[in-house]
Each structure stands twice: as structure tokens, then as C-alpha cells.
Amino acid sequence: MPTTRTTDLHTGGCLCGTVRFSVSGEPTGGNHCHCGMCRKDSGSGVSTFVTFPTATLKWDGKPAEFESSPNRFRGFCPKCGSSLTWRHGDYNDFLDFRLGSFDDPTPFKAKKHLWMSTALPSFAEIDPDIEHIDQSS
Ligand SMILES: [Zn+2]
Ligand SMILES: [Zn+2]
């Protein structure tokens, strides 16, 4: 039986606690990104994001942002440097959060592998049961 979790509050933040956030409801998407910029940003072989509408988003402390390509912004803690978010400047109704920034990431699932064209097979566990996309969605 499917469970409805629409009132669930999800909290998260950076490593040092300077930036905290909360969002409610269900994520509208989730992906493992294998692009080279996420590798540089995270220092890891693959980056996992979950997408939430910004309607319920509350910040306690604001991330700094880096424009990693035109109109694409990566949010991070200005004190400890934790990478937190990714957004496209034209779609401000949604924000991608790094999975690991949530206090409890266990409810979330990725639905796609993005940028398979640049994936590192030896560092990326590819889930055969979800969609594979050569570049972004
Ligand atoms: Zn921090
Ligand atoms: Zn990426």
C-alpha cells in the first residue's frame, strides 16, 4: 500500500551547521549525476541529488553560490565549504539538494543516472533498473 508522506518535514544542512534548511513533502525527482563539474564540486565519483519545490523551503543561514556554468548555480556553506545545492537560474520553483546534506537521506531514491556519457564506471555503481541519460535530463 503506498504511503502518503506529503506532510513530512525533511531537514538538512552543512557539515558545520552554519547553513540549515527544511523542506516538506515528497521530492519531485532524484538523480545520480556523473558530470565532470559535479565531480570537481563534490570531490567524489558520482553526485546524488534530490529535487524539491522551493515553495516549502526555509533557510536558516544562507548558502553562498558559485555560477559553475552560465545561469547554473551551485550552493555551498560559506564557512565549511560543504556543497549543498544545484539550480538552473530559469527554474527557481525547484532546487536540487545534495542527498548527503539531509539529516536523514534514507527516504529518498534516485530515478535517473545523468551524464552517463562522462561516467567513471569504476567509481559509479550503475543501477540497471533506472533511466540512463547520456547528458542532463
Ligand atoms: Zn558549514
Ligand atoms: Zn552534475
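Counting of residues starts from 1 at the beginning of each chain's written sequence and follows it residue by residue. Each chain gets a letter, beginning with A, and each ligand a number, beginning with 1, in the order they are written. The model is predicted, so local features are restricted to residues of pLDDT at least 70 and side-chain atom pairs to those at 80 or more, both for listing and for counting; the totals for chains, interfaces and linings are taken over all residues.

- Per an unreviewed UniProt entry, the protein chain is named Aldehyde-activating protein, and its organism is Thalassospira xianhensis MCCC 1A02616.
- UniProt positions are given in the numbering used here, feature names are shortened, and annotations may be inferred rather than shown by experiment. According to its UniProt record, the protein chain has this under Sequence similarities (unreviewed entry): "Belongs to the Gfa family."

**Focus on the nonpolar core**
- By convention the nonpolar core is taken to be a set of buried residues drawn from Ala, Val, Leu, Ile, Met, Phe, Trp, Tyr and Cys and joined through C-beta atoms within 7 Å. Exposed residues have 12 or fewer other C-beta atoms within 10 Å of their own C-beta, buried residues have 20 or more, and partly exposed residues fall in between, where C-beta atoms are placed from the backbone. Counting 18 residues, the largest nonpolar core has Cys33, Phe49, Val50, Phe52, Leu84 and Phe97 as its most contacted members.
- Here a helix means four or more residues in a row that DSSP labels H or I, a strand means two or more in a row labelled E, and each is numbered from the N terminus. Those elements giving two or more residues to this core turn out to be strand S2 (20-24), strand S4 (47-53), strand S8 (83-88) and strand S9 (94-98).
- Per-element tally for this core: the top contributor is S4, with three residues.
- Distance between backbone-placed C-beta atoms decides contact: two residues are in contact if it is within 7 Å. When residues no more than four places from it in sequence are discounted, the contact partners of Val50 are Pro27, Gly30, Phe97, Leu99 and Phe108.

**Brief notes about the sheet that holds S2**
- One bridge is not enough; two strands pair if DSSP finds at least two bridges between them. Pairing within the open sheet is antiparallel, and its three strands lie in the order S1-S2-S5. Sheet topology places strand S1 (9-13) and strand S5 (58-60) at the edges, where each strand pairs with a single neighbour. Geometrically, the sheet is characterised by an average inter-axis angle of 20° between neighbouring strands, direction not taken into account.
- In this sheet, S2 lies alongside S1 in antiparallel orientation, the contact comprising five bridges. Across the sheet, the residue bridging to His10 is Val23, located in S2. Angular values range over 0 to 180 degrees, each being the angle between N-to-C directions of two axes fitted as lines to C-alpha atoms, with helices fitted over their stretch in contact.

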